[in-house]
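Residue-level structural notes
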Amino acid sequence: MSENAMGSTMVEEQFSLGERALALARDFAAHKKKAGGMPTAWLEKTMWSLGLEVHQQQFSHTLPFPDESRERYLVRGTNVYGILRAPRAASTEALVLSTGCAPGPHNNQAVGLLLALASYFRGQIYWAKDIIFLVNEHDLLGMEAWLEAYHDVNITAVRSSGPLGRAGAIQAAISLELSSDVVTSFDVAVEGLNGQLPNLDLLNLFNAFCQKNGLLCTIQGKLQRSDWDSLPAYARSLQTLLLMVLAQASGRPRGEHGLFLRYRIEAVTLRGINSFRQYKYDMSTVGKTLEGMFRKLNNLLERLHQSYFFYLLPSLSRFVSIGVYMPAFGFLILVLILRALDLWMKLNKTDPGGSDQLSDSDHGPSTTEVGETPPAPPGAPSRLLLTLCPQAPRLLALVPPVLVCHAAGLALYYLPVLGQSVATQHFPVSEAEAVVLTLIAIYVAGMALPHSTHRVLGGPGSVAAARGWMVLKLLALLYLAAQLTALALLNFSLGFLLAVTMVPAAAATAPTGPRVLLALVLVLATPAVTLLLGIFLERELVEAPAAPGEGWQRFLGALGQGLLLHHLHGAFLCPLLALGTYPCWLLLWNVLFWD
């Protein structure tokens, strides 16, 4: 634990309202069933009776296309929250305990425990921060609406009611998911929107109190083995690490806590698991763990900042810091830089006689086959431009591939959502299916674009036709290196997965050599295939292998959910792949079929 204010678990937890939490959960379930949704009136009445300052927020949002997985298009809901004002401070800082109101029996016990904790906290006098008890509707949509209204911003165009009752600046948040009267373990989710991670101290705090109260805690659904120095333990840690990499690379929040991280609020989601393990823990034990965490967070004098924000977790007790994994990524980028430097040197190589020529096994016709190119006089423009473009029109040979590839990326980004109504009029598909199928059609069509514009503009046998592919590949390599480097600083897992798949293919791509083999390697390196293989890998790691048909359906669902995540919450994975990575891959595809 790096933060001194949270460096010890020496607090005496006294929460003993486990039975009351279960009674409140039963009342909540009954009123939810009677109301057919969020029992707003009952929640407000109950929070008022507990001595909280109660507010509600109504919100609505129209999705860009129907979400068939949850069967919703026009979403309307209500968030209810109560504020426990700190008796020893002036409402300058706050903590949040939240849970969602989900259909059916899901999360009823979480709401009951939240209300029981509010009742217990109300009787304590040591709070130096306001505590907000939030029950939100419609999972991430409700949480997004509440956070935007609380911070007085409008990022996703969600419509909500007037100004909210405010507490202090939120320092930390815990989202609770609990659907049974007893639990056998707690699973913690850390991945947020766009792969953001909370400060490692918050995770260490949860782990410390779980150990103190004897609770089993897991991450990625994996329990750390006791024989940590054995081969099976290393294999378990590798599975956990790969699952975290895949989850972070997706950019999708693994819980409602993921939206807090955008506002620089450290947050995690705690999920109660009731499995077939022998030891069971009641609500009192779970409540004591949460009480201890909030009492430690109450001691904070500043925002959590002393521990790591960039890390990978093979288990809850060990982590891999950015200083360990970043050099490996740097070596992958170094491959692109060295290959680009090699191309640059070949393009500028001059023989003793003064005429430019290529001495590589995959070179094109030399300038002496087309006509003598006079040596550049002192003070003239770059020798590379004179070599490639002895005539100005030959510069145009490289413009069409770049423009066409980026136009395909723009079409991939805009047309699926804008053209859904046209697709549903001409084909017997739903709007959601039309969006996904249009996305796939544009993606595949980009591979069939004409690759002979350089021969039309430069003429057959021209210097531009001979050496243009080298300049185009040089541009593509530098473009890819810049993208991956910037991406690794925002979402390392996504940048690493793209680098592992695309760097070898990019370095080997050339219009000479075994073209069929190179084309197969390049197709396997495309982001869409990487997503499909990642889905199958994730199912293997969770020990629930997917058949080809199931994997394909999950792939289609991931495409639709990725688009919704971008339009609803501002995830950058969709525009990154459509406007950056896909055009860069098409440039390499043009290089392969240059001849």
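Per chain, residues are indexed from 1 in the order of the written sequence. For this predicted model, a pLDDT threshold of at least 70 governs which residues receive local features, and a threshold of 80 or more governs which side-chain atom pairs are given and counted, while totals over whole chains, interfaces and linings are taken from all residues. Side-chain measures were taken over the full set of non-hydrogen atoms in the model, leaving aside hydrogen atoms and water.

If you look the protein up in an unreviewed UniProt entry, it shows as GPI-anchor transamidase component GPAA1 from Strigops habroptila. Quoted verbatim from the Function (unreviewed entry) heading of the UniProt record, the comment on the protein is "Component of the glycosylphosphatidylinositol-anchor (GPI-anchor) transamidase (GPI-T) complex that catalyzes the formation of the linkage between a proprotein and a GPI-anchor and participates in GPI anchored protein biosynthesis. Binds GPI-anchor." UniProt positions are given in the numbering used here, feature names are shortened, and annotations may be inferred rather than shown by experiment. Check the Pathway (unreviewed entry) section of the UniProt entry for the protein; it says "Glycolipid biosynthesis; glycosylphosphatidylinositol-anchor biosynthesis."

**Description of the nonpolar core**
The definition of a nonpolar core used throughout is a set of buried Ala, Val, Leu, Ile, Met, Phe, Trp, Tyr and Cys residues joined through side-chain atoms within 4.5 Å. Relative accessibility under 20% of the residue-type maximum defines a buried residue, over 50% an exposed one, and the middle range a partly exposed one, all with a 1.4 Å probe and only protein chains included. Counting 75 residues, the largest nonpolar core has Phe65, Phe329, Leu336, Leu412, Leu480, Leu484 and Leu522 as the members making the most contacts within it. Here the limits of each domain have been adopted from an automatic or database domain assignment. Residue-level mapping places this core at the junction of two domains, with at least three residues from each of domain 1 (17-316) and domain 2 (327-349 + 395-593). In this structure, leucine 336 is in contact with Leu477, Leu480, Ala481, Leu484, Val503 and Ala506, ignoring residues within four places of it in sequence. Ranked by size, the runner-up nonpolar core spans 68 residues in total, among them Trp42, Val54, Ala110 and Leu313. Contacts between residues were defined by any pair of non-hydrogen atoms, one from each residue, lying within 4.5 Å.

**Quick notes on the packing of aromatic side chains**
Only Phe, Tyr and Trp rings are paired, with Trp represented by its six-membered ring, and only when their centres lie within 6.5 Å; those with planes under 30 degrees apart are stacked, over 60 edge-to-face, the remainder tilted. In this structure the tally under the stated criterion is 18 aromatic pairs. Here phenylalanine 329 and phenylalanine 492 contribute two aromatic rings whose centre-to-centre distance is 6.1 Å and whose plane-to-plane angle is 65°, an arrangement assigned as edge-to-face. In this pair, phenylalanine 329 sits in helix α8 (residues 322-347) while phenylalanine 492 sits in helix α16 (residues 492-508), placing the two residues 163 residues apart along the sequence. Each member of the pair, phenylalanine 329 together with phenylalanine 492, is buried. Measuring from ring centre to ring centre gives 5.2 Å for tryptophan 585 and tryptophan 589, while their planes differ by 20°; the resulting arrangement is stacked. With a gap of four residues between them, tryptophan 585 and tryptophan 589 both fall in helix α20 (residues 573-592), about one helical turn apart. Tryptophan 585 gets classed as buried once you look at its relative accessible area, which sits at 1%. For tryptophan 589, a relative accessible area of 8% corresponds to the buried category. Members of the aromatic cluster, connected to one another through ring pairs, are Phe15, Tyr120, Phe121, Tyr126, Trp127, Phe133 and Phe294. The lysine or arginine in question, arginine 295, covers the ring of tyrosine 126, its NZ or CZ lying 4.4 Å from the ring centre. Here a strand is any run of E in DSSP of at least two residues, a helix any run of H or I of at least four, and the numbering for each starts at the N terminus. Two limits define a charge over a ring: the Lys NZ or Arg CZ must be within 6 Å of the ring centre, and within 35 degrees of the ring normal.

**Observations concerning the sheet that holds strand β5 (residues 159-160)**
Any two strands are treated as partners once DSSP identifies two or more bridges connecting them. Ordered in space as β5-β1-β2-β4-β3-β6-β9-β7-β8, the nine strands form an open sheet in which the pairing is mixed. Looking at which strands have only one partner, the edges of the open sheet turn out to be β5 and β8 (217-219). With five bridges connecting them, strand β7 (residues 185-189) and strand β9 (residues 266-273) associate as antiparallel partners. Looking at β9, one finds that valine 188 is bridged to leucine 270. Strand contacts of helix α2 (residues 40-49): β1 (53-67), β2 (72-84) and β4 (130-137), with the helix running at about 10° to β2, the strand carrying the most contacts. Axes, fitted as lines to C-alpha atoms, cover a helix only where it is in contact. Angles between the N-to-C directions of the axes lie from 0 to 180 degrees.

**Points about a nonpolar patch on the surface**
Each patch is built from salt-bridge-free residues with over 30% relative accessible area, joining like charges within 9 Å and nonpolar side chains (Val, Leu, Ile, Met, Phe, Trp, Tyr) within 5 Å. Values of accessible area rely on a 1.4 Å probe in the Shrake-Rupley scheme; residue burial ignores everything except the protein chains shown. Counted as salt bridges are all cases of a side-chain nitrogen of Lys or Arg within 4 Å of a carboxyl oxygen of Asp or Glu. Taken together, Phe331, Leu334, Ile337, Leu338, Leu341, Trp344, Met345 and Leu478 make up a surface patch of nonpolar side chains, about 810 Å² in accessible area. Looking at which element gives the most residues to the nonpolar patch, the answer is α8, with seven residues. Note on leucine 334: relative accessible area 38%, which makes it partly exposed.

**Some remarks on the pairing of strand β10 (residues 311-315)**
If a strand is regular, its side chains alternate between the two faces of the sheet. β10 sits mainly inside the fold: five of its five residues count as buried. Across three bridges, the pairing between β10 and strand β11 (residues 318-321) is antiparallel. When the bridges of β11 are listed, serine 315 appears paired with arginine 318. Connecting β10 to the next strand, β11, in antiparallel fashion are two residues.

**A short note on the confidence of the model for the protein**
Known as pLDDT, the predictor's confidence for each residue is given on a scale from 0 to 100. For the protein, per-residue confidence averages 85 on the pLDDT scale, and 88% of positions sit at 70 or higher. Note on residues 350-373: pLDDT under 50 across the span, and 33 contacts to partners over four residues away in sequence or across chains.

**Structural notes on the pairing of strand β6 (residues 169-177)**
The element β6 is extensively covered by neighbouring structure, given that eight of its nine residues are classed as buried. As paired elements, strand β3 (residues 93-101) and β6 share six bridges and run parallel to each other. Directly across from glutamate 93, in β6, lies its bridge partner alanine 169.

**Observations concerning the pattern of salt bridges**
The final tally for this structure, using the stated rule, is 17 salt bridges. In this structure, aspartate 227 and arginine 225 form a salt bridge, with 3.1 Å as the shortest nitrogen-oxygen distance. Lysine 346 is the partner of aspartate 342 in a salt bridge, and the nearest nitrogen-oxygen pair spans 3.0 Å. Of this pair, aspartate 342 and lysine 346 both sit in helix α8, separated by four residues, roughly a single helical turn. You can call aspartate 342 partly exposed: its relative accessible area is 29%. The class for lysine 346 is buried, based on a relative accessible area of 15%. Within the structure, one salt-bridge network assembled from shared partners comprises Glu53, Arg85 and Asp130.

**Side note on the packing of helix α11 (residues 399-418) against α20**
Across the interface, α11 lies against α20 with an axial gap of 8 Å and an inter-helix angle of 145°. Considering how the two elements wind past one another, α11 and α20 form a crossing that is right-handed. Two secondary-structure elements touch here, α11 through Pro401, Val402, Cys405, His406, Ala408, Gly409, Leu410, Leu412 and Tyr413 and α20 through Cys574, Pro575, Ala578, Leu579, Tyr582, Pro583, Leu586, Leu587 and Asn590. Residues are grouped as follows: Ala, Val, Leu, Ile, Met, Phe, Trp, Tyr, Cys and Pro are nonpolar; Asp, Glu, Lys and Arg are charged; all remaining types, including Gly, are polar. For the contact of α11 with α20, the class distribution of residues is 15 nonpolar, three polar and no charged. For any pair of crossing helices, the crossing counts as left-handed if the nearer helix is rotated counterclockwise from the farther one by less than a right angle, and right-handed if it is rotated clockwise.

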